[in-house]
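What follows is the residue order along each chain.
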Amino acid sequence: KLPILAALYVQAQAKKVDLDNVITMQQEDIQDYGTGSIRYDPQGSTYSVKTLARLMIQKSDNTATYILANHIVGIDTIQAYATSWGMNQTDMANNKTSNKDVALLFRKLYEGKIVNTALTQEIFSFLKDSDFEDRIPALLPKDVVVYHKTGNGAGVIHDAGTVVHGKTKYYIGIFTADVVDDQEAITLEAKVSKAVFDFMQ
């Protein structure tokens, strides 16, 4: 979902996408699985492109993601951007990426190398306020700012992002496989994050 967001905002900066454009959700757009709530909204509900972007990141909404990836930006376009950013292990069509690629994108975003300052700030406002604060941020002090994106799936519990505390700034990505107990994995990720934070201090 992070490459989709970045590609969307590159398109917006280039005036190829209007973030205020209003989209009407169609029945065939509904992704009736996983996270997100707009799949339960009445048929014909409307959302701005920016609202869909926010829902994709803050609520990990799969229907919003589908609309943005397939109707607004396009999978091939997103893949082309990802490749141009050096994300050589990322395959958008098959929903594959790597910790290295996600770290690379977070760095480029944080350093303002993807879009201008105003759009970068908007992206990070979405990444800061998530419905899923139970992993990287969970055990960190309240004054620590975490810009991150979680990922859930069958047997996988991920979280990756940028942690900022005073002059301390670092990327942390925790990716898992073959998880049999989601809550145990979430708890362990929070502990790993706290250990890294303490070390970085």
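Everything below is about the structure shown above.
Residues numbered from 1 in each chain as written. Predicted model: local features only at pLDDT ≥ 70, side-chain atom pairs only at ≥ 80, totals over all residues. Heavy atoms only, no water.

Trainee: Please clarify how the pairing of strand β3 (residues 145-153) should be interpreted in this entry.
Mentor: If a strand is regular, its side chains alternate between the two faces of the sheet. Pairing of β3 with strand β4 (residues 156-165) involves nine bridges; the strand directions are antiparallel. By the bridge assignment for β4, Asn152 is matched with Ile157. The hairpin formed by β3 and β4 contains two residues between the paired strands, and Gly155 there has a positive phi angle of roughly 80°. (Pairing = 2+ DSSP bridges. Helix = DSSP H or I, 4+ residues; strand = E, 2+ residues; numbered from the N terminus.)

Trainee: Looking at this structure, I do not really get the packing of aromatic side chains. What am I missing?
Mentor: Centre distance and the angle of the planes are the two values used to describe a pair of aromatic rings. This structure, assessed with the given rule, holds five aromatic pairs. Here the aromatic rings of Tyr81 and Trp85 are separated by 5.8 Å at their centres, their planes lie at 15°, and the arrangement is stacked. By relative accessible area, which is 18% here, Tyr81 ends up buried. Residue Trp85 is classed as buried on the basis of its relative accessible area of 11%. Between Tyr110 and Phe124, the ring centres sit 5.9 Å apart and the planes meet at 80°, which makes this aromatic pair edge-to-face. (Phe/Tyr/Trp six-rings, centres within 6.5 Å; stacked < 30°, edge-to-face > 60°. Buried < 20%, exposed > 50% of the residue type's maximum accessible area, 1.4 Å probe, protein only.)

Trainee: What's the story with the sheet that holds strand β5 (residues 168-174) in this structure? I'm lost.
Mentor: Note on sheets: strands pair through backbone hydrogen bonds, and any given pair is parallel or antiparallel. Across the sheet, three strands lie side by side as β3-β4-β5; this open sheet has antiparallel pairing. Each edge of the open sheet carries a strand with a single partner, namely β3 and β5. On average, each strand axis in the sheet is inclined to that of its neighbour by 5°, with strand direction left out of account. Running at roughly 150° to β5, helix α5 (residues 99-110) makes contact with β3, β4 and β5 of the sheet. (Axes fitted to C-alpha atoms, helices over the stretch in contact; angles between N-to-C directions. Contact = heavy atoms within 4.5 Å.)

Trainee: Can you help me understand the nonpolar core in this one?
Mentor: Side chains of nonpolar character tend, in soluble globular proteins, to be buried together. Counting residues in hydrophobic clusters, the biggest one holds 47 residues, and the most contacted among them are Leu8, Tyr9, Leu68, Ile72 and Trp85. When residues of this core are traced back to their parent elements, those giving at least two are α1 (2-13), α2 (49-58), α3 (62-73), α4 (75-84), α5, α6 (117-128) and β4. When neighbours within four sequence positions are excluded, Ile72 is seen to be in contact with Leu8, Val17, Ile23, Val49 and Ile67. The next biggest cluster of nonpolar side chains, apart from the first, holds nine residues, and it includes Ile136, Val144, Ile172 and Phe197. (Core = buried A, V, L, I, M, F, W, Y, C linked by side-chain atoms within 4.5 Å.)

Trainee: Would you mind showing me how to read α1 here?
Mentor: For an α-helix the count is 3.6 residues per turn, leaving residues at separations of three or four pointing the same way. Compared with an ideal rise of 1.5 Å per residue, which puts 12 residues at 16 Å, α1 spans 17 Å between its outermost C-alpha atoms and is within 8% of the ideal. For α1, the full list of buried residues reads Leu2, Pro3, Ile4, Leu5, Ala6, Ala7, Leu8, Tyr9, Val10, Gln11 and Ala12. Summarising the contacts, the buried residues of α1 are in contact with α2, α3, α4, α5 and α6. Where α1 terminates, the next one or two residues include Lys15, which has phi positive at roughly 65°. (Expected span 1.5 Å × (residues − 1).)

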